[in-house]
Amino acid sequence: GASGLDFCRGLHRTSDLPVIMLTAVDDSDTIVRALSECAEDYMVKPVRLEELVARVWRVLRRVPSVAETVLVGTQEVCVDFGTGRATRGSQSVDLTPTESRILNVLISHAGTTVSVRQLVQRLWPEDEAPQETLRVHMSRLRAKLRRLDVGADLIETERNLGYRVPRALVATRRTVALGERRT
């Protein structure tokens with residue numbers, strides 16, 4: 001199998017997720033390499049639970065919470081990728097981590113059709129998840145977004161190609177909420 005460092009590098013090719021490495025490897029060169037290439041923090045086992053929790057909160061305080069505002073027609077839909085919640089006015093829906101990642105990829109590539117193959121590789125880089133798995137997640141995501149009653153489908157299907165969020169719908173505002181604990 002791959003080493004923890006290889007896994008961490010692979011994760012950072014497809015995600016901005018912060019990583020705290022917990023490992024039995026207590027080699028100075030490995031620690032320096034991990035911290036300089038991909039890890040937010042590095043702890044050698046055995047670890048004390050209280051220290052691990054403190055380090056997790058420290059990393060979470062440094063990682064910004066990003067929210068994207070998407071205009072659907074004249075309606076604003078705010079998607080907070082830190083909490084996995086999509087909101088329009090007083091209505092909100094909770095997204096699963098996979099649904100949130102799907103929406104994040106499509107919004108960040110607004111106006112461009114993202115192929116099913118590209119989405120599968122982005123969402124499940126270590127596995128070859130079947131395309132049907134993506135279709136199920138997409139169906140559930142669309143149903144949740146329809147509950148926000150925006151009057152239009154945010155995600156379009158390009159038959160035999162993939163999915164896209166029309167560029168005209170996206171007005172992105174990145175908001176940073178530093179120091180807040182996410183629940």
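These remarks concern the structure in this document. (Residues numbered from 1 in each chain as written. Predicted model: local features only at pLDDT ≥ 70, side-chain atom pairs only at ≥ 80, totals over all residues. Heavy atoms only, no water.)

This part covers the overall build of the chain. Counting secondary structure elements, the chain contains six helices and nine strands. Each of the 183 residues in the chain was classed as buried or not, and the buried ones make up 36%. Here the analysis covers contacts within the chain between residues at least 6 apart in sequence; of these, 51% occur between residues at least 24 apart. Summing over all exposed atoms, the chain offers an accessible surface of approximately 11,100 Å²; the carbon and sulfur share of this is 49%. (Helix = DSSP H or I, 4+ residues; strand = E, 2+ residues; numbered from the N terminus. Buried < 20%, exposed > 50% of the residue type's maximum accessible area, 1.4 Å probe, protein only. Contact = heavy atoms within 4.5 Å. Areas by Shrake-Rupley, 256 points an atom, 1.4 Å probe, with all protein chains shown as cover.)

A few words now on the sheet that holds strand β7 (residues 114-115). Strand order in the open sheet made by the three strands is β7-β9-β8, with antiparallel pairing throughout. Since the sheet does not close on itself, it has two edges, and those belong to β7 and β8 (156-158), each with one partner. Where β8 lies against strand β9 (residues 162-164), three bridges are found, and the strand directions are antiparallel. When the sheet's bridge partners are listed, Glu158 is paired in β9 with Gly162. Where helix α6 (residues 131-146) meets the sheet, it contacts β8 and β9, and its direction lies at approximately 25 degrees from that of β9. (Pairing = 2+ DSSP bridges. Axes fitted to C-alpha atoms, helices over the stretch in contact; angles between N-to-C directions.)

Approximately 170 Å³ is the volume attributed to the second largest pocket. Along the walls of the second largest pocket sit Val116, Arg117, Thr157, Glu158, Arg159, Asn160, Leu161, Gly162 and Tyr163, which together make up its complete lining. Going through the elements one at a time, α5 (116-123), β8 and β9 are the ones with two or more residues in the lining of the second largest pocket. Partitioned by chemical class, the residues of the lining of the second largest pocket number three nonpolar, three polar and three charged. (1 Å grid on protein atoms, 1.4 Å probe; cavity = no way out; pocket = protein on both sides within 12 Å on 5 of 7 lines; lining within 4 Å. Points joined across faces, edges and corners; volume = space filled by probe spheres on them. Nonpolar A, V, L, I, M, F, W, Y, C, P; charged D, E, K, R; others polar.)

Moving on to the pattern of salt bridges. A pair can form between side chains of opposite charge whenever their charged atoms are brought close. Inspection of every chain in the model, using the stated rule, returns 11 salt bridges. Note that Asp94 is salt-bridged to Arg85, the shortest N-O span being 2.9 Å. In this structure, the salt-bridge partner of Lys144 is Glu99, at a minimum N-O distance of 2.7 Å. Highlighted residues: Lys144 in helix α6 and Glu99 in helix α4 (residues 97-108), separated in sequence by 45 residues. With relative accessibility at 14%, the residue Lys144 sits in the buried group. Through salt bridges with shared partners, a single network forms among Asp41, Arg48, Glu51, Arg55 and Arg58. (Salt bridge = Lys/Arg side-chain N within 4 Å of Asp/Glu carboxyl O.)

This part covers the side chain of Arg142. Structurally, Arg142 can be placed in helix α6. Only 2.9 Å separates the side chain of Arg142 from the backbone oxygen of Ile155, close enough to count as a polar contact. (Polar contact = N/O pair within 3.5 Å; in protein donor to acceptor, adjacent residues only side chain to side chain.)

Before going further, it helps to examine the packing of α4 against α5. Contact geometry for α4 and α5: axes closest at 11 Å, N-to-C directions at 125 degrees. Between α4 and α5, the crossing angle belongs to the class labelled oblique. Here α4 runs over α5; the crossing is right-handed. Taking contact as the criterion, the partners of Thr98, Arg101, Ile102, Val105 and Leu106 in α4 are, on α5, Leu119, Arg122 and Leu123. A class-by-class count of the residues in the contact of α4 with α5 yields five nonpolar, one polar and two charged. (Parallel < 35°, antiparallel > 145°, perpendicular 65-115°, else oblique. Left-handed = near helix turned anticlockwise from the far one by under 90°.)

The next subject is the packing of α5 against α6. Two numbers describe how α5 lies on α6: the axes approach to 10 Å, and their chain directions differ by 85 degrees. Considered as vectors, α5 and α6 are oriented roughly perpendicular to each other. Together, Val116, Leu119, Val120 and Leu123 of α5 and Gln131, Leu134 and Met138 of α6 make up the contact between the two elements. When its residues are assigned to classes, the contact of α5 with α6 shows six nonpolar, one polar and no charged.

So, about the environment of Ser139. Counting through the fold element by element, Ser139 comes out in helix α6. Overall, the relative accessible area of 43% leaves Ser139 in the partly exposed class. C-alpha separation for the pair Ser139 and Glu99, spaced 40 residues apart in sequence, amounts to 9.8 Å.

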